[in-house]
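Each chain, written out:
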Amino acid sequence: MNLVLFLTYIAIFQSPTVEVCTGSINPQNGCVTIPVVSEQCVDFTGGLTFLDKQVSNAEIPDGFVCVATDCKSVTQGDSVVLNGGTWNFFNVPGANGQTNFNDMTSSFICSAL
């Protein structure tokens, strides 16, 4: 099953979703709704390649924490941890305080709190 079909299948069953945008989140510009599957890395490849290192905003569902990163090579400074809410990646909490993580995300992984 390809990624787009899988994400559509998950969305049908009312899975929580993450909204990721290459532009503005309000009003929406370049946004995609991606179902959250707890503890599963969503890599921006295949049908999501246009998001690779292009994400500027995200909305994380309440009750979840997501790590915006590159799931293949997580190192300190290469990821940010985001709780439920709306985030502008130009100013997100990083390991050493607020940081600019715009256009740096290659994938994300979420977990329920």
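Note that the structure is a prediction, hence the values are computed from the model and not measured.

Section: the overall build of the protein
Piece 1. Helix and strand content of the protein: 1 helix and 8 strands.
Piece 2. Tracing the protein from N to C terminus, the helices and strands come up as α-β-β-β-β-β-β-β-β.
Piece 3. Residue burial in the protein is summarised as follows: out of 113 residues, 36% are buried.
Piece 4. Excluding contacts between residues fewer than 6 apart, the proportion of contacts in the protein whose partners are at least 24 apart in sequence is 59%.

Side note on the packing of aromatic side chains
Piece 1. Counted according to the given criterion, the structure contains 1 aromatic pair.
Piece 2. An angle of 55° between the planes, with centres 6.0 Å apart, marks the rings of Phe-44 and Phe-108 as tilted. A residue pair is termed long-range when its members are at least 10 positions apart, and Phe-44 in the loop between β3 (42–43) and β4 (57–69) and Phe-108 in strand β8 (residues 107–112) qualify at 64 residues.
Piece 3. Its relative accessible area of 2% is what places Phe-44 among the buried residues.

Examining the nonpolar core
Piece 1. Counting residues in hydrophobic clusters, the biggest one holds 21 residues, and the most contacted among them are Val-18, Ile-34, Phe-44 and Phe-89.
Piece 2. Those elements that provide at least two residues to this core are β1 (17–21), β4, β5 (80–88) and β8.
Piece 3. If sequence neighbours within four positions are ignored, Phe-44 has contacts with Ile-34, Thr-49, Leu-51, Asp-52, Val-55, Thr-105, Ser-106, Ser-107 and Phe-108.

Some thoughts on the environment of Gly-30
Piece 1. Along the chain, the position of Gly-30 falls in the loop between β1 and β2 (31–35).
Piece 2. Along the chain, Gly-30 and Val-55 lie 25 residues apart, while their C-alpha atoms are 9.1 Å from each other.

Let's talk about the state of the cysteines
Piece 1. Counted under the stated rule, the structure contains 2 disulfides.
Piece 2. Disulfide partner of Cys-21: Cys-31, at an S-S distance of 2.0 Å. Its S-S torsion of approximately 105° makes the covalent link between Cys-21 and Cys-31 right-handed. Here the residue Cys-21 occupies a position in strand β1, and Cys-31 occupies one in strand β2, the gap between them amounting to 10 residues.

Remarks on the pairing of β8
Piece 1. Sheet topology places β3 next to β8; 2 bridges connect them, and they run antiparallel. Within the sheet, the bridge partner assigned to Val-42 lies in β8 and is Phe-108.
Piece 2. Where β4 and β8 come together, 6 bridges link them in antiparallel fashion. Bridge pairing in β8 places Ala-68 opposite Phe-108.

Considerations on unusual backbone geometry
Piece 1. Of note, the amide linkage connecting Asn-26 to Pro-27 takes the cis form, showing an omega dihedral of 5°.
Piece 2. Structurally, Pro-27 is set in the loop between β1 and β2.
Piece 3. In the Ramachandran plot, Glu-39 falls in the positive-phi region, its phi being about 70° despite a non-glycine side chain.
Piece 4. Turning to its location among the elements, Glu-39 is positioned in the loop between β2 and β3.

Calculation criteria
- Residues numbered from 1 in each chain as written.
- Predicted model: local features only at pLDDT ≥ 70, side-chain atom pairs only at ≥ 80, totals over all residues.
- Heavy atoms only, no water.
- Helix = DSSP H or I, 4+ residues; strand = E, 2+ residues; numbered from the N terminus.
- Buried < 20%, exposed > 50% of the residue type's maximum accessible area, 1.4 Å probe, protein only.
- Contact = heavy atoms within 4.5 Å.
- Phe/Tyr/Trp six-rings, centres within 6.5 Å; stacked < 30°, edge-to-face > 60°.
- Core = buried A, V, L, I, M, F, W, Y, C linked by side-chain atoms within 4.5 Å.
- Disulfide = S-S within 2.5 Å.
- Pairing = 2+ DSSP bridges.

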